[in-house]
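Reading the structure
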Amino acid sequence: MIEALGLTKEFRLFQRREGVMGAVRDLWDRDYQTVKAVDQIDLKVNRGEMVGYIGANGAGKSTTIKMLSGILVPSSGHLVVNGFVPHKERVEFCRRIGVVFGQRSQLWWDLAVSESFRLLSRVYRIPESVYRQRLDRFVELLEMADFLHIPVRKLSLGQRMRCELTAALLHHPDLVFLDEPTIGLDVLAKDRIRRFLSEINQELGTTVLLTTHDLSDIEALCSRVVMIDKGKIVYDGSLGKLQDSFGQGRTIKVDFSAPVNLAELHASFGHLPVRWETPESRRAIATFSAKEVAPAEVMKILIDQYPVLDIAIDATKIEEIVKEIYQGSVMV
Amino acid sequence: MDREIVWIYLQQYVKTKLAYRADFIIESTADLLYQAVSLAFVLIVFTQVPDIAGWTRDEIIGIVGYFMVPFALFNCLFRGSWYIRDQYIVEGQLDRVLIRPVNPLLQIYLEMIELEPLSGAVFGIALMGYARSRLGIDLIWWEPFVFVILVAGSVLVYGGIFTALAATGFWAEGRSGVSPLIYNLTGYGRYPVSIYKGAVRWVLTWVIPFAFVGFYPGALFLRHDELALYAGLTPIVGLIIFGLGYRYWIYGLSRYRGTGS
């Protein structure tokens, strides 16, 4: 479905000089810097797969998606998506794909939701009876009946996102790109969208490439995860393995009623692989892997030996995982 | 081209417009006023002089009248060209356009269509009628047909130039650019180029051919047959300019970089 080899996108950034004199100099002597947003990536996605594409902000996720969907022209590399070179055969290519950008609406702002859908059904040349049938199904699955006649601009974020998904899937594309489809949504709304996506994938065999900041999206939907950092793919494999390797990271933040010192903490936990930091005299942060140390054990020692006021425990976020991989502190 | 798509977008436009009828009337009136002011300027000049480079007041009115027709159609059909740089390229709305199965430029122009400027075309035709009756010119049967073809050519000249200008947004950083400068130049097309010195005249004919938007074709309908050859070139110049502008747009599109996220 997707076949990318050595896919690269470079941007030339214009470095502005400071001050008025700098601005004047910029007129004739421009300073450019070339940045590789996506650097020689190889990616193969099969028909019907649901792939989570993750990475920190600015890692190159969006740039990749935009190349795959034909919006950006690659600087170099080989790319075939659904049998097309996306940017070259754009109109035909677009007929068979769907795209959702969480941050930007695909719908007509001033039109009622149902009008937007009707317009799209005609743009994609969906026969009337088929369109009716599909829309009814989507309305039912995503529970949209209540706001079909409201202009898009008046919808809540969660409602809008359901409409965006419908808009991207009404023409039953072979492949959908979803860029942050659950951003800013509450747990309930996220869950509804996830169930909808997995149902569509099962029923129609739609290939899905999904970027997200929320690992639980991927847990719910994707068997495969691709991670990008600084324009390069740093992980491509199953979610299970990724979680075993990095998802076990925990941080515990402790507030004490009296000042503690770092040496003392390290001494108390000397027998365990726990790393301590003390950003303030009465606060300490521990990082460790849940595979090596049971979080309960750490908490027990703390409560037994220290004047603890408050404890907060967190699982490692994607950003931190990516950072760890990149710094080489965790091996894949 | 996709005729059905054009129809779909137009229907949608009319629907939205009907919801804001008051705006429609206000904007049409404003447009008309703008045209009236530029005409008034011409009339004031002629209270001081009998002719400009051999062109009388009525002839100038006739040419200004012709100019108003393609100008109005341009503002109606190609209004999007004013917004391509800021809204579509810099703000990244082009992302949305590029993932739909319709020619991107056609989508933008259709989305941005505005019917209010058409009042200017009606006004322009009325002015031509007035000028021609003052000059004692009768209607010949082929004139309406030639008029349509020449107007189409003139609109394409504008459309091509402004499409190319919009496409410069693919190279530039940030907003604003040369468009205001060129917009000021558009006014030159509505006066006889013979009043300009050699170089300016040459530029307006062969480089930025605004003379084909007003003067040359307009003169044909005032029976200035010595300019008929130029007038006849209008559709060809229009096709060439629009073709070049479109090619430049396509070239620019390959350099589109989108926005951050």
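Predicted model, so just to flag it, every value in this text is computed and none were measured. (Residues numbered from 1 in each chain as written. Chains lettered and ligands numbered in written order. Predicted model: local features only at pLDDT ≥ 70, side-chain atom pairs only at ≥ 80, totals over all residues. Heavy atoms only, no water.)

1. A closer look at the pattern of salt bridges
Residue and element names in this part refer to chain B. In the structure shown here, the tally under the stated rule is 24 salt bridges over all chains. Ionic pairing is found between R57 and D58, a salt bridge with its closest N-O pair at 3.2 Å. A residue is classified by how much of its surface remains accessible, and D58, at 11% relative accessible area, is buried. Ionic pairing is found between E114 and R79, a salt bridge with its closest N-O pair at 3.1 Å. Residue E114 is located in the loop between α6 (104–111) and α7 (118–134), and its partner R79 is located in the loop between α3 (57–77) and α4 (84–90); the two are separated by 35 residues in the primary sequence. (Salt bridge = Lys/Arg side-chain N within 4 Å of Asp/Glu carboxyl O. Buried < 20%, exposed > 50% of the residue type's maximum accessible area, 1.4 Å probe, protein only. Helix = DSSP H or I, 4+ residues; strand = E, 2+ residues; numbered from the N terminus.)

2. A few points about a nonpolar patch on the surface
A cluster of nonpolar side chains, namely V20, V24, L27 and W28 of chain A, defines an oily patch on the protein surface of about 490 Å² accessible area. Structurally, W28 of chain A can be placed in the loop between α1 (19–26) and β2 (31–45). (Patch = residues over 30% accessible without salt bridge, like charges linked within 9 Å, V, L, I, M, F, W, Y side chains within 5 Å. Areas by Shrake-Rupley, 256 points an atom, 1.4 Å probe, with all protein chains shown as cover.)

3. Quick word on the environment of Q33 of chain A
Residues and elements named next belong to chain A. As for its placement among the helices and strands, Q33 is situated in strand β2. On the basis of relative accessibility, which here comes to 41%, the residue Q33 falls in the partly exposed class. Spatially, the C-alpha atoms of Q33 and H87 are 25 Å apart, while their sequence positions differ by 54 residues.

4. A short note on the UniProt feature "transmembrane region" (unreviewed entry) in chain B
Residue and element names in this part refer to chain B. UniProt annotation of "transmembrane region" (unreviewed entry) refers to residues 32–48, 60–78, 145–172, 199–221 and 227–249 when read in the numbering used here. Helix makes up 95% of residues 60–78 and strand 0%. Its end C-alpha atoms lie 26 Å apart. The span residues 199–221 carries 65% helix and 0% strand; its end-to-end C-alpha distance comes to 26 Å. (UniProt positions renumbered as here; feature names shortened; annotations may be inferred.)

5. A look at the sheet that holds strand β10 (residues 249–256) of chain A
Residue and element names in this part refer to chain A. Spatial ordering of the open sheet is given by β11-β12-β10-β13, a layout of four strands whose pairing is antiparallel. Only two strands of the sheet have a single neighbouring strand rather than two, namely β11 (275–280) and β13 (308–315). In this sheet, adjacent strand axes meet at a mean angle of 20° when their direction is disregarded. Direction of pairing for β11 relative to strand β12 (residues 283–289): antiparallel, over a ladder of four bridges. From the neighbouring strand, W276 faces β12, where its bridge partner is A286. Set on the sheet, helix α11 (residues 295–305) makes contact with β10, β11, β12 and β13; between it and β10 the angle comes to about 15°. (Pairing = 2+ DSSP bridges. Axes fitted to C-alpha atoms, helices over the stretch in contact; angles between N-to-C directions. Contact = heavy atoms within 4.5 Å.)

6. Digging into the packing of α3 of chain B against α7 of chain B
In helix packing, the relevant descriptors are the interaxial angle and the interaxial distance, both defined with respect to the helix axes. All names here are of chain B. Relative orientation of the contacting elements α3 and α7 amounts to 160°, with a least axis distance of 7 Å. On the basis of their axis angle, the class for α3 and α7 is roughly antiparallel. The crossing of α3 and α7 is left-handed. Facing R57, D58, I61, G62, G65, Y66, M68, V69, A72, L73 and C76 of α3, the residues of α7 in contact are L118, G120, A121, F123, G124, I125, L127, M128, Y130, A131 and R134. Residue classes in the contact of α3 with α7 are distributed as 15 nonpolar, four polar and three charged. (Parallel < 35°, antiparallel > 145°, perpendicular 65-115°, else oblique. Left-handed = near helix turned anticlockwise from the far one by under 90°. Nonpolar A, V, L, I, M, F, W, Y, C, P; charged D, E, K, R; others polar.)

7. Some details on the packing of aromatic side chains
Considering all chains together, one arrives at 28 aromatic pairs over all chains under this definition. An aromatic cluster of three or more residues is present, and its members are F67, F71, F74, F78, W82, Y109, Y158, F162, F210 and F242 of chain B. (Phe/Tyr/Trp six-rings, centres within 6.5 Å; stacked < 30°, edge-to-face > 60°.)

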